[in-house]
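Secondary and tertiary structure notes
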Amino acid sequence: MPDDIVLRLDRASAEDLHEVLWLVGEHIAAGVPIPELPSEANERLGRVISSLRDSLDK
């Protein structure tokens, strides 16, 4: 499909993305504060977001 965007993630990045999405969902659902992520996770997620931005031409 021409509108599909496919990102390939290493396992650590995929786990970080899953964790942060889950934490955001919990925060929204229950008002639980979102803890700070370790710097390694922040760096990996930054690369994922950059790749996604490039794929979306933003």
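Relevant structure appears above.
For clarity, every value in this text was computed on a predicted model and none was experimentally measured. (Residues numbered from 1 in each chain as written. Predicted model: local features only at pLDDT ≥ 70, side-chain atom pairs only at ≥ 80, totals over all residues. Heavy atoms only, no water.)

Together, Ile5, Leu52 and Leu56 make up an exposed nonpolar region whose accessible area comes to about 220 Å². As for its position among the elements, Leu56 is in the segment after helix H2 (39–55). (Patch = residues over 30% accessible without salt bridge, like charges linked within 9 Å, V, L, I, M, F, W, Y side chains within 5 Å. Areas by Shrake-Rupley, 256 points an atom, 1.4 Å probe, with all protein chains shown as cover. Salt bridge = Lys/Arg side-chain N within 4 Å of Asp/Glu carboxyl O. Helix = DSSP H or I, 4+ residues; strand = E, 2+ residues; numbered from the N terminus.)

A few words on helix H1 (residues 11–30). Note that an α-helix has 3.6 residues per turn; residues three or four places apart therefore point the same way. For H1, which comprises 20 residues, the first-to-last C-alpha distance of 28 Å matches the rise-based estimate of 28 Å (1.5 Å per residue) to within 8%. Contacts from the buried residues of H1 go to H2. N-capping of H1 is provided by Asp10, with a side-chain oxygen placed 3.2 Å from the backbone N of Ala12. Two residues or fewer past H1, Gly31 is found with a positive phi of approximately 70 degrees. (Expected span 1.5 Å × (residues − 1). Contact = heavy atoms within 4.5 Å. Polar contact = N/O pair within 3.5 Å; in protein donor to acceptor, adjacent residues only side chain to side chain.)

An ideal rise of 1.5 Å per residue puts 24 Å on 17 residues; H2 measures up with 24 Å between its terminal C-alpha atoms. If you check which residues of H2 are buried, you get Ala41, Leu45 and Val48. The arc that holds the buried residues of H2, viewed along the axis, is 55 degrees, so those residues lie on one side. Facing away from the buried side of H2, by more than 90 degrees, are the exposed residues Arg47 and Asp54. If you follow the buried residues of H2, they end up packed against H1. Positive phi appears at Asp57, one or two residues downstream of H2, with a value of about 55 degrees. (Buried < 20%, exposed > 50% of the residue type's maximum accessible area, 1.4 Å probe, protein only. Arc of directions from axis to C-beta.)

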